[in-house]
Amino acid sequence: MTDTTQGPLRTVTVPARLSAPEPGWTTRADVVVIGSGIAGLTAALRIHAEDPSLTLQVVTKDALGAGSTQWAQGGIAAALGPGDTPEEHEHDTLVAGAGACDVEAVRVLVNEGPDAVRELIALGTQFDHHPDGELSLTREGGHHRDRIAHAGGDATGAEIQRALIAAVDKAGIEVIQHALAVDLLPAADGGVAGVTLHVMGEGQHDGVGAVLCRAVVLASGGLGQVFSQSTNPSVSTGDGMALALRAGARLRDLEFVQFHPTVMWLGPESQGQQPLISEAVRGEGAFLVDWDGHRFMTEEHELADLAPRDVVAKAITRRMIETGKPHMWLDARHLGAEFWPKRFPTILAVAREHGVDPVTDLIPVAPAQHYASGGVATDLWGRTNVPGLYATGEVACSGVHGANRLASNSLLEGLVFSRRIAAVLPGELRAWSDPVEDQRPPSVADADDRRPMQEIMTADVGVLRNDAGLRSALDALAVLDEGSDEPRTAVWETSNLLAVSLAMTGAALLRTETRGSHWREDHPDRDESRAGHVDVWLEPGSDVLHWHWEHAPSTDPSTTQETPR
Ligand code: SIN
């Protein structure tokens, strides 16, 4: 069963390529890796290890380490603990994914995950250990076992990032910082011939230039800045997804945006990156209460406060709507004055900076955007439908997250699928090809459109969605699309954010059911006849978005007769 539309209500256009000055410099590398978090740096290190003769260039929009990996608190999930198995990790991942996971991709993740984490340890990552030397593992929402490895208490991402940067440095891999990837340069067959960059640097590579290459690995992270409040850093502007869309790639399941249930509430006016209160705090025993001190999660799910993330986010939102309160509370006082600084030093410091002491105070929390479960559609080896273009990490949709990512599976996904890309890429590198001229007219949005776009997306494409709101969002966003600003970073970022907002809104309209993190108040139940995937792509040669829904059987073992194994 399929359902195809050029726009659920109207024709929707996005820039087919971004307006930019002609490249002022040109260079060459066999492979360009865009992004410098766990996915990008792992891909670069492993490709280098597979074939050191290949020339590699890592490009990153900000400084190395400014992306989302650095901010990951909870940890990295893998079946490493006594008695745990990849099969149990698979089961929890599929249940959290609410029937929309790709079972083969999940099996790759859980089976290759333990070795991938061991490799990260061998590389120098210092995970936390018990006094007896055993790896310390914790639990987060949706997991039935303690299987989350963590570092520095709640500074896992920062430690992984440190170890990877040191390894990249040691391997002598070239990195260009402060470089925004603008567009792919197409070859005659539609595949990759290069990429244009805007570098804010000094010396040789400054301004817009072209890197001619044989393959591009997109590892540029997520799209959190689409919404007014997100746990993502300011660099998460959907650049990789928008670039891939313009290059002819398919984006999949963009409507599955994960809202983290416990983000510290800083007031109604607070915008941009908000402080995350890791699920690991609930894993260690903290619990949610309403304004009357009532523990409402016990009525919602057998795992109570450790239910899958979408269940907790929905329960908090429902409670907020019912009571008219702007947030709920997390009670972690009983963890104690000794435990807090040891186990959660980062969260403790940030909460105190904002005037809340978790040792003595309840923490005000509300859901905020956290993770894009969808992205650029890939196969099990990170290949997209564009020859020579690979995608890994949050920018990609490998199929492991389905409708709702299981906690701490994201670092693992970047690690596992970047290793897979490195295993195949050197053997299938394209011949060098000259870029051909892209005949489609370039355009950009205005930088000032960013704030109105975020307000529209937050109001109508946020936690709770309905047909009327989504249609009105699509209309309002479509009006913002055409701009007249001079091309520059803020303008390119806004154009990228708008393109992914439009693509996401259309996908959310087409998914007429509630599944995982996609919550439709006008279709409040999961509808197995609507199980499957929503893809979006640009009509070839044009700037018109095209959405396509295709049925696929549910892969949730808790609701299907047979376990899918
Ligand atoms: C958290 O620590 O709660 C976030 C971890 C994740 O998003 O996987």
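Residues numbered from 1 in each chain as written. Predicted model: local features only at pLDDT ≥ 70, side-chain atom pairs only at ≥ 80, totals over all residues. Heavy atoms only, no water.

A closer look at the overall build of the chain
Inclusion rule: A run of H or I in DSSP counts as a helix once it spans at least four residues, and a run of E counts as a strand once it spans at least two, with each numbered from the N terminus. When accessible area is computed with a 1.4 Å probe and restricted to protein chains, residues below 20% of their type maximum are described as buried, those above 50% as exposed, and intermediate ones as partly exposed. Contact definition: two residues touch when any of their heavy atoms are within 4.5 Å. Using a 1.4 Å probe, accessible areas were evaluated by the Shrake-Rupley method; residue-level cover was limited to the displayed protein chains. Charge counting treats Lys and Arg as positive and Asp and Glu as negative, with His and both chain ends excluded. In plain terms, the charge of a residue is placed at NZ if it is Lys, CZ if Arg, CG if Asp and CD if Glu.
What the chain contains, in helices and strands, is 13 helices and 26 strands. A principal-axis box enclosing the C-alpha atoms of the chain has dimensions of 65 × 55 × 50 Å. Taken across its 565 residues, the chain has 62% of its residues classed as buried. Sequence separation of 24 or more characterises 74% of the internal contacts of the chain that already satisfy a separation of 6 or more. Summing over all exposed atoms, the chain offers an accessible surface of approximately 20000 Å²; the carbon and sulfur share of this is 49%. On the chain, the mean spot of the 44 positive side-chain charges and the mean spot of the 79 negative ones are 2 Å from each other.

Some points on the sheet that holds strand β3 (residues 31-34)
Backbone-to-backbone hydrogen bonds pair the strands of a sheet. The strands run either parallel or antiparallel. Counted only if it meets this: At least two bridges found by DSSP between two strands are what make those strands a pair. Lines fitted to C-alpha atoms define the axes here, with helix axes fitted over just the stretch in contact, and angles between the N-to-C directions of these axes take values from 0 to 180 degrees.
Taken in spatial order, the five strands line up as β8-β4-β3-β12-β21 in an open sheet, and their pairing is parallel. Among the strands making up the open sheet, the edge pair consists of β8 (174-176) and β21 (389-391). If you compare each strand with its neighbour and ignore which way they point, the axes differ by 20 degrees on average. Across four bridges, β3 lies against strand β4 (residues 56-59) in parallel orientation. In the sheet register, V31 faces β4, and the bridge partner there is L56. Where helix α1 (residues 38-50) meets the sheet, its contacts fall on β3, β4 and β12 (215-218), and the angle it forms with β4 comes to roughly 175 degrees.

Quick word on the packing of α1 against helix α10 (residues 410-424)
Selection criterion: Orientation labels follow simple angle bins: below 35 degrees gives roughly parallel, above 145 gives roughly antiparallel, 65 to 115 gives roughly perpendicular, and whatever is left gives oblique. Left-handed describes a crossing whose near helix is turned anticlockwise from the far helix through less than a right angle; right-handed describes the clockwise counterpart. Polar here means any residue outside two lists: the nonpolar Ala, Val, Leu, Ile, Met, Phe, Trp, Tyr, Cys and Pro, and the charged Asp, Glu, Lys and Arg; Gly therefore counts as polar.
Across the interface, α1 lies against α10 with an axial gap of 8 Å and an inter-helix angle of 25 degrees. It follows from the interaxial angle that α1 and α10 lie roughly parallel. Classified by chirality, the crossing of α10 by α1 is right-handed. Of the residues in α10, those touching α1 at I38, A39, T42, A43, R46, I47 and E50 are L411, G414, L415, S418, R419, A422 and A423. In terms of residue class, the contact of α1 with α10 is built from eight nonpolar, three polar and three charged.

Quick word on the site of the ligand
Quick note on the threshold: Proximity is defined per residue: any heavy atom of the residue falling within 4 Å of a molecule or strand makes that residue near it. In protein, a polar contact requires one atom able to donate a hydrogen and another able to accept it; more generally it is a pair of N or O atoms within 3.5 Å, and residues adjacent in sequence count only if both atoms are side-chain atoms.
If you check the shell around the ligand, you find G74, E140, H260, L276, S278, E279, R309, H370, R405, A407 and S408 and nothing else. Contact distances for the ligand include 3.3 Å between an oxygen atom and a side-chain N or O atom of E140. The side chain of R309 places a nitrogen or oxygen atom 2.9 Å from an oxygen atom of the ligand. Compared with its free state, where it exposes 250 Å², the ligand has 94% of that area covered by protein. Considered class by class, the residues forming the shell around the ligand number two nonpolar, five polar and four charged.

Describing the nonpolar core
Just so we agree on the cut-off: Throughout this description, the term nonpolar core refers to a set of buried Ala, Val, Leu, Ile, Met, Phe, Trp, Tyr and Cys residues connected via side-chain atoms within 4.5 Å.
In this structure, L197 and L545 are the most contacted members of the largest nonpolar core, which totals 70 residues. Dropping the residues within four chain positions of it, L197 is found in contact with W25, V59, I176, A179, L180, A181, V182, G207, V208, G209 and V211. Of all hydrophobic cores here, the second largest spans 48 residues; its members include V58, A105, V106 and V168.

Here's the deal with the pairing of strand β19 (residues 363-372)
Of all the 10 residues making up β19, 10 are buried; the element is thus mostly covered by neighbouring parts of the structure. Here strand β15 (residues 257-264) runs beside β19; their pairing, made up of six bridges, is antiparallel. Across the sheet, the residue bridging to F259 is Q369, located in β19.

Side note on the environment of A351
Within the secondary structure, A351 is located in helix α9 (residues 345-353). Under the relative-accessibility criterion, A351 is labelled buried at 0%. With 300 residues separating them along the chain, A351 and D51 place their C-alpha atoms 46 Å apart. With sequence-adjacent residues up to four places away left out, A351 is seen in contact with M264, V356 and P358.

Side note on helix α4 (residues 156-171)
What counts, and what does not: To estimate how far a helix should extend, the number of its residues minus one is multiplied by 1.5 Å.
Over its 16 residues, α4 runs 23 Å from end to end, which matches the ideal 22 Å to within 8%, given 1.5 Å per residue. Those residues of α4 that sit buried are T156, G157, E159, I160, Q161, A163, L164, A167 and V168. Elements in contact with the buried residues of α4: α1, β5 (76-77), α3 (103-122), β7 (148-149), β8 and α10. Immediately downstream of α4, the backbone of G172 shows phi near 70 degrees, a positive value.

Some thoughts on unusual backbone geometry
The phi angle at A98 is positive, at roughly 55 degrees, despite the residue not being glycine. Its place among the elements puts A98 in the loop between α2 (86-96) and α3. You can call A98 buried: its relative accessible area is 3%. With a phi close to 55 degrees, D253 is a non-glycine residue in the positive phi region. Mapped onto the elements of the fold, D253 is located in the loop between β14 (251-252) and β15.

Side note on the side chain of S398
Locating S398 in the fold gives a position in the loop between β22 (396-397) and α10. S398 gets classed as buried once you look at its relative accessible area, which sits at 6%. A distance of 2.6 Å separates polar atoms of two side chains, one belonging to S398 and the other to E413. In this structure S398 touches D102, A105, T378, E413 and F417, once residues within four positions along its chain are discounted.

Considering the sheet that holds strand β10 (residues 192-199)
Spatial ordering of the open sheet is given by β2-β11-β10-β9, a layout of four strands whose pairing is mixed. Because the sheet does not close on itself, it has two edges, and the strands there are β2 (26-28) and β9 (179-186). The mean inter-strand angle of the sheet, taken between neighbouring strand axes irrespective of direction, is 25 degrees. Bridge count between β9 and β10: seven bridges; the pairing is antiparallel. Looking at β10, one finds that L184 is bridged to V195.

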